[in-house]
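Take a look at the letters that make up each chain.
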Amino acid sequence: MTSPRPSVESVAIDSHDILDVPRATPRPADKSVLRAFESSALDLSETHSASSLELPHTLTSERIRRRSELARARPLDSPPALESESIELPVIQEYTAGQSSSVGGAGAAKKLNFREDILAVPTKDGDVEIAPSFPSSLAPSIRLAEETDSIAPAISAGQKAVIKRKNAIHFATLCFTIFLNGWNDGTTGPLLPRIQSYYHLGYAIVSLLFIFNTIGYLSGAIANVWLTDKLGFGKVLLLGSVLQIVAYAMMIPGGPFELMCFAFVLIGFGLSLQNSHANGFVASSRHHVSTKICLLHATYGFGALVAPLISTQFAEQKHWSFHYMISGALYVLNTTVIWYVFRGKRQEEIKAEVDDLNVDPNAIDSNKYKQIFGIREVHFLSVFALIYVGTEVTIGSWSVTYVQQKRHGSANAGYISSGFFAGLMLGRIVLMWLNRKIGERRALFLYALLAIQLEVTVWVVPSLVENAIAVAFVGLLLGPMYPILVNHSTKILPRWLLTGCMGYIAGVGQAGSAVLPFITGLLASRFGIASLQPFIVSMMSTMIVIWALIPRVRHVPT
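For every chain, the first residue of its written sequence is number 1, and the numbers climb from 1 along that sequence. Note on the predicted model: pLDDT of at least 70 is required for a residue's local features to be given, and 80 or more for side-chain atom pairs to be given and counted; whole-chain, interface and lining totals, by contrast, use all residues. Derived side-chain values reflect all non-hydrogen atoms in the structure, with water molecules and hydrogen atoms excluded from consideration.

Draft legend 1. Fine view of the overall build of the chain. A run of H or I in DSSP becomes a helix once it reaches four residues, and a run of E becomes a strand once it reaches two; helices and strands are each numbered from the N terminus. Per the secondary structure count, the chain includes 22 helices and four strands. Evaluated residue by residue, the chain yields a buried proportion of 48% over its 558 residues. Should any heavy atoms of two residues lie within 4.5 Å, those residues are considered in contact. For the chain, restricting intrachain contacts to residue pairs at least 6 apart in sequence, the fraction spanning at least 24 positions comes to 82%. Using a 1.4 Å probe, accessible areas were evaluated by the Shrake-Rupley method; residue-level cover was limited to the displayed protein chains. Summing over all exposed atoms, the chain offers an accessible surface of approximately 27,000 Å²; the carbon and sulfur share of this is 62%. Buried residues are those whose accessible area, probed at 1.4 Å on protein chains only, stays under 20% of the maximum for their type, while exposed residues exceed 50% and partly exposed ones sit between those limits.

Draft legend 2. Highlighting the packing of helix α8 (residues 208-231) against helix α21 (residues 498-527). At their nearest, the axes of α8 and α21 sit 8 Å apart, and the two run at 170 degrees to each other. Here α8 is positioned roughly antiparallel relative to α21, judged by the angle of their axes. For this classification, the nonpolar set comprises Ala, Val, Leu, Ile, Met, Phe, Trp, Tyr, Cys and Pro, the charged set comprises Asp, Glu, Lys and Arg, and every other residue, Gly included, is treated as polar. Its residues placed into classes, the contact of α8 with α21 shows 14 nonpolar, nine polar and no charged. For helices, the fitted line uses only the C-alpha atoms of the stretch in contact; every axis is such a line through C-alpha atoms, and the angle between N-to-C directions lies from 0 to 180 degrees. Orientation categories follow fixed angle ranges, with anything under 35 degrees roughly parallel, anything over 145 roughly antiparallel, 65 to 115 roughly perpendicular, and all other angles oblique.

Draft legend 3. Fine view of the side chain of T173. Note that T173 resides in helix α6 (residues 157-199). Excluding residues within four positions of it along the chain, T173 makes contact with V337, I338, V341 and F342.

Draft legend 4. Highlighting the packing of aromatic side chains. To pair, rings of Phe, Tyr and Trp, with the six-membered ring standing in for Trp, must have centres within 6.5 Å; the planes then decide the type, stacked if under 30 degrees apart, edge-to-face if over 60, and tilted in the middle. According to the stated counting rule, one finds 16 aromatic pairs in the structure shown. Taking NZ or CZ as reference, K351 lies 4.1 Å from the ring centre of F281, over its face. For a ring to carry a charge above it, either NZ of a lysine or CZ of an arginine must fall within 6 Å of the ring centroid while also lying within 35 degrees of the normal to the ring plane.

Draft legend 5. Local environment of unusual backbone geometry. Even without being a glycine, H288 presents a positive backbone phi close to 55 degrees. For H288, the position within the fold is in the loop between α10 (257-283) and α11 (289-315). Of note in this structure, R343 is not a glycine but carries a positive phi near 55 degrees. With respect to the helices and strands, R343 occurs in the loop between α12 (323-342) and α13 (347-353).

Draft legend 6. How the structure looks around helix α19 (residues 464-478). Across its 15 residues, α19 extends 21 Å between first and last C-alpha, which sits within 8% of the 21 Å expected from 1.5 Å per residue. Among the residues of α19, N467, A470, V471, V474, G475, L477 and L478 are the ones counted as buried. Buried residues of α19, viewed axially, fall in a sector of 160 degrees; they line one side. Summarising the contacts, the buried residues of α19 are in contact with α15 (376-406), α16 (414-430), α18 (440-460), α20 (481-492) and α22 (532-549). Given a helix with a known number of residues, its expected span is that number minus one, times 1.5 Å. In this context, the arc is that of the directions from the helix axis out to the C-beta atoms.

Draft legend 7. Local environment of the environment of L449. Inspection of the secondary structure assignment puts L449 in helix α18. According to the relative accessible area criterion, L449 is partly exposed, its value standing at 47%. Residues L449 and I544, spaced 95 residues apart in sequence, show a C-alpha to C-alpha distance of 8.2 Å.

Draft legend 8. The side chain of T312, seen in detail. With respect to the helices, strands and loops of the structure, T312 is situated in helix α11. Here T312 falls in the buried class, since its relative accessible area comes to 2%. Here P308 takes part through its backbone oxygen, which lies 2.5 Å from a polar atom of the side chain of T312. Polar contacts, as used here, are pairs of N or O atoms within 3.5 Å; protein pairs need one atom able to donate a hydrogen and one able to accept it. Residues neighboring in sequence count only if both atoms are side-chain atoms.

Draft legend 9. The arrangement of the packing of α10 against α21 in detail. Between α10 and α21, the shortest axis-to-axis distance is 8 Å and the interhelical angle comes to 135 degrees. Considered as vectors, α10 and α21 are oriented oblique to each other. Relative to α21, the crossing made by α10 is right-handed. Between α10 and α21, the residues in contact are S272, N275, S276, H277, N279, G280 and A283 and L498, T499, M502, G503, A506, G507 and Q510, respectively. Grouping the constituent residues of the contact of α10 with α21 by class yields four nonpolar, 10 polar and no charged. It is the rotation of the near helix from the far one that decides the hand of a crossing: anticlockwise by less than a right angle makes it left-handed, clockwise makes it right-handed.

Draft legend 10. Highlighting the pattern of salt bridges. Every case where a carboxyl oxygen of Asp or Glu lies within 4 Å of a side-chain nitrogen of Lys or Arg is listed as a salt bridge. Inspection of every chain in the model, using the stated rule, returns two salt bridges. Ionic pairing is found between E353 and K345, a salt bridge with its closest N-O pair at 2.7 Å. On the accessibility criterion, E353 (39% relative accessible area) is partly exposed. Salt-bridge contacts for R428 lead to E392; the nearest nitrogen and oxygen are separated by 3.4 Å.

Draft legend 11. How the structure looks around the environment of E353. Its place among the elements puts E353 in helix α13. Along the sequence, E353 and N167 sit 186 residues apart, while their C-alpha atoms lie 9.6 Å from each other. Residues within four places of E353 in sequence aside, it is in contact with I163 and K345. In terms of polar contacts, E353 uses its side chain to reach the side chain of K345, at 2.7 Å.

Draft legend 12. Spotlight on the nonpolar core. What is meant by a nonpolar core is a set of buried Ala, Val, Leu, Ile, Met, Phe, Trp, Tyr and Cys residues, joined one to another through side-chain atoms within 4.5 Å. Within the largest apolar cluster, 122 residues are counted, with the highest numbers of intra-cluster contacts made by L174, M260, F384, Y388, L478, L493 and M540. Looking at this core element by element, the count peaks at 13 residues for α15. Apart from residues lying up to four places away in sequence, L478 is in contact with Y388, I395, F420, L424, A451, M540 and M543. Ranked by size, the runner-up nonpolar core spans five residues in total, among them L227, L243, F269 and L273.

Draft legend 13. Main features of the confidence of the model for the chain. Per-residue pLDDT for the chain has a mean of 76; in total, 70% of the residues score no lower than 70. By mean pLDDT, helix α5 (residues 145-148) is the weakest element of the chain at 42, and α12 is the strongest at 95. Residue range residues 1-55 is modelled with pLDDT below 50. Its contacts to residues more than four positions away, or to other chains, number 65 contacts. What pLDDT expresses is the predictor's confidence in each residue, scored from 0 to 100. Here residues 95-152 is a poorly scored stretch, pLDDT under 50, and it has 82 contacts once near neighbours within four places are set aside; other chains count.

Below, the structure is given as C-alpha cells:
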C-alpha cells in the first residue's frame, strides 16, 4: 500500500510535487481575489523547509486552523514526523500616499501587490489608494476603510446618550435666555402708564425709552460680528447677560428718567447679543431645526406671558420700580447657567463636542460685514423682522393704554397683554403641524390676513371683552411668523454667515420693538390713542408685501 503524503509540517516539500497538484477551479465570485495571485498560494524555490514558507496574508485564520488540524490527524502508517517549527504569519503594513513615490516609482524593483503584505489605506493629504475589495469571508483585518467605516469611529450607546443630554442642556439654556427676552418685552406695557404718571410725561417723551432701546439694539447688531470673532459665542452670550444685570440695577431705585433711558440702551445692546446668538446657534443645528426654532420662540412668548402678570401687580404699588429686582435676579441666574454650560467656548468647539457641527466647505474667508450687507435677502428679512417685532411689541405694550382709555378698563387691563403673549406662545407650538401641512410660506400669508381681520374688530367693536379675546387670537396668529422667518433664513442664506446674518436680522428686528412703539407714541400724542389700531393694520399689510418679495430658494453662492 502506498503511504499517504506527509503533511506540510513534517517533511521537506519539493516544488515539483506541489506544482503537480491540480488546482481547484475558482468560483466566479473569487476570481477577482485570486487573480492577484498569479501562480500559487505558496512562494517556492527548489526546496524549502516548513519554517521558510511564505504564506500569503490573504489566508484567513479559519483556513489556517483547518490546515493545522489536518496536520495533527496523521494516518497510523505515516513515517515519524520531524520536529515541527512555528510558522510566522506576515504582518500587514500600512501603505500611504507618501510612500507611493518610493515604492511605485520608475525603476523601482518593488511593486505594490498583496504578496508584500502592504494594504493601501486612504490618507488625508494625498490621493486615495484603492485596493481590490475582498469578499466578506476573508479576514476583516484586511478590508478597506471604506468597507469597515473606520474613518469615522463608531459612537457607542453610552456616548450617544451623553451627546443627547448635552444637546438638551444647551437648548434648554438658550430657551431660558429667550424666555428672559420675552420677560423684558412683556414688562414694559403694564408699567408704561405708571412710568408716565411717576415722571409726569406725555406719550412722546415716554416713548424716548423705545428710542434709546433702539440705539442699543442696533449697536448690538452691528458690534455682534466683531465681538463674535474676538470673543466667541460663549463669552458674547455671557456679556449680554451681564449688561442686563447692570441695566436693571440702575432702574431699581427709580432714579431720574435720563438714567432709565441709558439703562434701556444697555438692555437693547445685551438683548441683541443674546437673541442673535441663540437664534444662530439653534438655526445652525443639523437636526430638527424647524421644531427647535418654534420651541425656542415659544419660550419667548411664555416669558412675555408671565411678565405682565407680575409687573401689573407692581404697577399699582408705590415702589413700582422694585419689579426690576426680580428681573435682575433672573439675569443673575441666567449668567451663572450660561457660564456653567458653555464655559466661554466658541460655537464651533461646543458643537464639535456634541457632534452637531455643520461646516460649510464653501465658506469664504473675507470681510464678513461686506458679505452680510451685500446679500439682498438679508435686508428683506431684516425689514420684515423690524415690522413684525415692532407690531408684536406695540400690541403688547400700547393695547393696555388703548383699552384703559377707549374701553374704560381698569388697572387690570394689563392682563390683556398677558392674553396676547399667551396666544403668541401657543401659536408657535400648536400651529407647527399646519405650517408643515400647507407650507410655511403659504401659512404666513394666511396668518397675516386673518390677524388683520381680527385687529379690525378691535378697532370698530366697542367691547372690552371682545377686544381682549380678539387681541389674544391676534397673538395666536402672529406667533408662528417669527419662527417661520428664522427657519426660512436658514434655507436662503449662506451657512458660514448664518450667525452673523441672524445677529443682524435679530438686532434690526429688536430695534423694531422700539421704533414702532415710539411712532405709536408720536401718533397718540398728535391724534390720540385711537390711532393705534389703523397703524397696526397698516403694518400687518406691509408685512404681507415684504414677505412676497423674499425669495423662496437660495440665490446667493454657497
